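# A structural walkthrough
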Amino acid sequence: GVPPATDLVLGATAGCLACFLTNPLEVVKTRLQLQGELQAPGTYPRPYRGVLRAVGAVCRADGLGGLQKGLAAGLLYQGLMNGFRFYCYSHAEDAGWTRYPGGTVAAGAVAGAVGAFVGSPAYLVKTHLQAQTVSAMAVGYQHNHENIAGAFRTIYRQHGVVGLWRGVTGAIPRVTVGSAVQLATFASAKDWVCERQWFRKGSWAAVLAGGMVSSVAVAVAMTPFDTISTRLYNQPVDAEGTGKLYRGFLDCILQISNKEGLLGLYKGIGAVYLRLGPHTVLSLFFWDKLRDL
């Protein structure tokens, strides 16, 4: 086995490598999820239509570099979240939790909740920066930060330390569900393809096959939580730091369902899968291979 402290470093490294390659899809996903916020379908302009056309829209509005908006905050988030997530999961493995029925799911859920809490301020800033664009293409509230450092300073100066964790009530369920599904399905799928002798145990093909199966399950399970999380993080707040649009996690679900329909919770699912699919495959592949090394 790999010591938990080593898994912290390896998990952070794997998450950052995957983030660098998939951040453009994270930008597109954020814009699609904020488009038409709390408006009935068909009653609002849609500057972003589908994943491929949204990529073109981002490039026209912000230049080619716009596809890497919020990259520094994204790398910080992935390093913190995945580092602590895999650290906690490694401890659970050492303690023997994963050998019990449902142990992998429980360990993944707890590890995801810890990672989400630690990385929440970085995700908050990442969402703000990725939503920012020219007024003609703007969707959602525009926070108008100059850069990642300026964003952290502004939020801290206006709302203190607590303000940096605004939206964490949406992040914890999101990553808890995603982490539980990801780690459980990845381990099971990887073992399954090896048992069928489709791929050799420990081969890169077995790791990729496990990651591909895992990514489908993660995208389906996570999309509603991902949309809620994006909305909670990006909403404007008053002087006390209270959200002006949503009072919390449950209120966000109800408002989206009532005003945008249940499908509103699945906004941007194409971008979510295209982003989560490669990100899941790459992060798990890098993590698995780095552990072997």
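Nothing here was measured: the structure is a model prediction, and the numbers come from that model.

## Some thoughts on a nonpolar patch on the surface
Side chains of Val 216, Val 220, Tyr 266 and Ile 269 sit close together on the surface and give an oily, nonpolar patch of about 320 Å² of accessible area. Counting through the fold element by element, Val 216 comes out in helix α7 (residues 204-234). With a relative accessible area of 42%, Val 216 lands in the partly exposed category.

## Observations concerning the nonpolar core
By size, the foremost hydrophobic cluster in this structure holds 15 residues, and its most contacted members are Tyr 77, Val 125, Ile 155, Val 175 and Tyr 233. Elements that contribute at least two residues to this core include exactly α3 (71-95), α4 (103-131), α5 (148-164) and α6 (168-195). No other element matches α4, which puts six residues into this core. In this structure Ile 155 touches Leu 124, Val 125, His 128, His 145, Gly 160, Gly 163 and Leu 164, once residues within four positions along its chain are discounted. Listed in part, the 14 residues of the second largest apolar core include Leu 34, Val 51, Val 58 and Val 139.

## What about the side chain of Thr 22?
Here Thr 22 is to be found in helix α1 (residues 4-34). Among residues more than four places away in sequence, those in contact with Thr 22 are Arg 275, Pro 278, His 279 and Leu 282.

## Some details on the pattern of salt bridges
Per the counting criterion, the structure on display carries nine salt bridges. A salt bridge links Asp 62 to Arg 31, with the nearest nitrogen and oxygen atoms 3.2 Å apart. Here the residue Asp 62 occupies a position in helix α2 (residues 51-62), and Arg 31 occupies one in helix α1, the gap between them amounting to 31 residues. Judged by relative accessible area, which is 23%, Asp 62 ranks as partly exposed. For Lys 267, the salt bridge identified is with Glu 260, shortest N-O distance 2.9 Å. Judged on exposure class, the residue Lys 267 and its partner Glu 260 are both buried.

## Quick look at the packing of α4 against α5
It is at 11 Å that the axes of α4 and α5 come closest, and there the two elements cross at 125°. Considering the angle they form, α4 stands oblique to α5. The hand of the α4/α5 crossing is right-handed. Contacts between α4 and α5 involve Ser 120, Pro 121, Ala 122, Leu 124, Val 125, His 128 and Leu 129 on the former and, on the latter, Ile 148, Ala 151, Phe 152, Ile 155, Gly 163 and Leu 164. When its residues are assigned to classes, the contact of α4 with α5 shows ten nonpolar, three polar and no charged.

## Some remarks on the UniProt feature "repeat: Solcar" (unreviewed entry) in the chain
When the UniProt feature table is mapped onto this chain numbering, "repeat: Solcar" (unreviewed entry) sits at residues 2-95, 99-192 and 202-293. Counted over residues 99-192, helix gives 76% and strand 0%. Its end C-alpha atoms are 16 Å apart.

## Quick word on the packing of α1 against α2
At a minimum axis separation of 10 Å, α1 and α2 run at an interaxial angle of 95°. If you check the angle between α1 and α2, you find them roughly perpendicular. Along the contact surface, α1 presents Leu 25, Val 27, Val 28 and Arg 31, while α2 presents Val 51, Ala 54, Val 55, Val 58 and Asp 62. Split into classes, the residues belonging to the contact of α1 with α2 amount to seven nonpolar, no polar and two charged.

## What about helix α8 (residues 249-260)?
Helix length check: α8, at twelve residues, gives a terminal C-alpha distance of 16 Å against a target of 16 Å (1.5 Å per residue), a fit within 8%. The set of residues buried in α8 consists of Phe 249, Asp 251, Cys 252, Gln 255, Ile 256, Ser 257 and Glu 260. Elements in contact with the buried residues of α8: α6 and α7. Looking one or two residues past α8, Gly 261 carries a phi angle of roughly 85°, positive in sign.

Each value, and the rule that gives it
Residues numbered from 1 in each chain as written. Predicted model: local features only at pLDDT ≥ 70, side-chain atom pairs only at ≥ 80, totals over all residues. Heavy atoms only, no water. Patch = residues over 30% accessible without salt bridge, like charges linked within 9 Å, V, L, I, M, F, W, Y side chains within 5 Å. Areas by Shrake-Rupley, 256 points an atom, 1.4 Å probe, with all protein chains shown as cover. Salt bridge = Lys/Arg side-chain N within 4 Å of Asp/Glu carboxyl O. Helix = DSSP H or I, 4+ residues; strand = E, 2+ residues; numbered from the N terminus. Buried < 20%, exposed > 50% of the residue type's maximum accessible area, 1.4 Å probe, protein only. Core = buried A, V, L, I, M, F, W, Y, C linked by side-chain atoms within 4.5 Å. Contact = heavy atoms within 4.5 Å. Axes fitted to C-alpha atoms, helices over the stretch in contact; angles between N-to-C directions. Parallel < 35°, antiparallel > 145°, perpendicular 65-115°, else oblique. Left-handed = near helix turned anticlockwise from the far one by under 90°. Nonpolar A, V, L, I, M, F, W, Y, C, P; charged D, E, K, R; others polar. UniProt positions renumbered as here; feature names shortened; annotations may be inferred. Expected span 1.5 Å × (residues − 1).

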